[in-house]
Amino acid sequence: MAISSSGCQNTQSNTKIIARIFNTSTNIQKKIIDQYAPADVRVQRNIKYMQDPALILDIYQPQNIQQLKPRPTIFWVHGGGWVSGSKEHARGYFKLLAAQGYNVVAVQYQFAPQATYPHQLLQINQALKFITEHARDYHINAQQLYLAGDSAGANLVSHYAALLSNPAFAQQSKIVPSIQPAQIKGLILHCGIYDMNAFVDTAPDELKLIEWGVVNLVQSYTGNKKNDADFLKSISPIQYITRHYPPVLISGGNQDFLTETQSMPFVNALLKQDVEVTDIFYPNSKEFLVHEYQFMLSKKASQQTFQQTVEFIKTYSASAL
């Protein structure tokens, strides 16, 4: 028991270190993205969607939203290794999307290790229920939703989409989705984790700091089950793809080890089930595209990815626009 307690304490201590590093990085990133953000965007902040625990979300919209028909909505779950981050970390990016004529909902959720799987998924479920029930209040088309996420956020929304499109997986997970599968028109996934077991196994040995980080992040999110391969597979969306999975736009940087070990295998799994996929990778680019490259808007590839994201939404929302 003492060993287990010590291990848990070490994980919590290590997680705090990782969270501080991540938050420092995302705060810098936030200021850079803000430079590209348009001013003429409507933002409603800190809307409470859940009472216990008290959790909030932000809504970004075109300035003239009241004059438009209800618009498609991008429901964005932020990254941060399940242990850090903020619903505001990509607020400039959300403003850019809103300026294209879309709603963006940015969601707060609890962090590990204080809250472990499946709490984050249950909170996403509740936020989607709130958006659906209050769609008219916020001039949102709840029948045209896009689940989006970066890094750990991509893991969470891809997992939720598997629950929604695979009833057997939802039943196995004891999670009852609060919305209907037809409401989700597509997924937007950046630099994500889709196979938890492979995430642990393929952390680069030559980069000990990354390997150490991966181990601690998975320990925190799973409640110290990183060595339980069966459990890790049971919470990996790559294991539960069916032909009913929504269309996917997926991207990753050419200098991010997750692109080869996570994103590309996920694309293959999707294609095997005849899921429609728009994959955006830059293997031949001379630009240095690291993890979360999509937010680095000074790069040509990042701008191109943004434009392809807009085209993806236009394509799958064509009947509503």
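Remember, it's a predicted structure, so these values are computed and weren't measured experimentally.

Some details on the overall build of the protein chain
Piece 1. Secondary structure summary: the protein chain contains ten helices and eight strands in total.
Piece 2. For the protein chain, the C-alpha radius of gyration of 19 Å lies close to 20 Å, the compact-globule estimate for 321 residues.
Piece 3. Taken across its 321 residues, the protein chain has 56% of its residues classed as buried.
Piece 4. A separation threshold of at least 6 residues defines the contact pool for the protein chain, and within that pool the share at least 24 residues apart is 76%.
Piece 5. Accessible surface, the protein chain as shown: approximately 14100 Å² in total, 50% of it carbon and sulfur.
Piece 6. If you average the places of the 26 positive and of the 23 negative side-chain charges in the protein chain, the two averages end up 7 Å apart.

Notes on the packing of aromatic side chains
What describes a pair of aromatic rings is the distance from one ring centre to the other and the angle between the planes of the rings.
Piece 1. Summed over the entire model, instances satisfying the criterion amount to 18 aromatic pairs.
Piece 2. Centroid distance W76 to Y93: 5.8 Å. Interplanar angle 70°. Geometry classified as edge-to-face. In this pair, W76 sits in strand β3 (residues 71-77) while Y93 sits in helix α2 (residues 91-99), placing the two residues 17 residues apart along the sequence.
Piece 3. Given the relative accessible area of 1%, Y93 is considered buried.
Piece 4. One aromatic cluster is present, formed by Y60, W76, Y93, F94, F295 and F306 through successive ring pairs.
Piece 5. Its guanidinium or amino end placed over the ring of F231, K225 lies 4.4 Å from that ring's centre, counting from NZ or CZ.

Side note on helix α3 (residues 119-133)
The α-helix winds at 3.6 residues per turn, so residues separated by three or four positions along the chain end up facing the same way.
Piece 1. With 15 residues, α3 extends 21 Å between its outermost C-alpha atoms, agreeing within 8% with the 21 Å of an ideal straight helix rising 1.5 Å per residue.
Piece 2. Every buried residue of α3 is listed here: Q120, L121, Q123, I124, N125, A127, L128, F130 and I131.

Describing the pattern of salt bridges
Piece 1. According to the stated counting rule, one finds six salt bridges in the structure shown.
Piece 2. In this structure, R91 and D34 form a salt bridge, with 2.7 Å as the shortest nitrogen-oxygen distance. Within this pair, whereas R91 is found in helix α2, its partner D34 is found in helix α1 (residues 2-34), the two being separated by 57 residues in sequence.
Piece 3. Given the relative accessible area of 22%, R91 is considered partly exposed.

Thresholds, definitions, all that
Residues numbered from 1 in each chain as written. Predicted model: local features only at pLDDT ≥ 70, side-chain atom pairs only at ≥ 80, totals over all residues. Heavy atoms only, no water. Helix = DSSP H or I, 4+ residues; strand = E, 2+ residues; numbered from the N terminus. Rg over C-alpha atoms; globule rule 2.2 N^0.38 Å. Buried < 20%, exposed > 50% of the residue type's maximum accessible area, 1.4 Å probe, protein only. Contact = heavy atoms within 4.5 Å. Areas by Shrake-Rupley, 256 points an atom, 1.4 Å probe, with all protein chains shown as cover. Lys, Arg positive; Asp, Glu negative; His and termini not counted. Charge placed at Lys NZ, Arg CZ, Asp CG, Glu CD. Phe/Tyr/Trp six-rings, centres within 6.5 Å; stacked < 30°, edge-to-face > 60°. Lys NZ or Arg CZ within 6 Å of the ring centre and 35° of its normal. Expected span 1.5 Å × (residues − 1). Salt bridge = Lys/Arg side-chain N within 4 Å of Asp/Glu carboxyl O.

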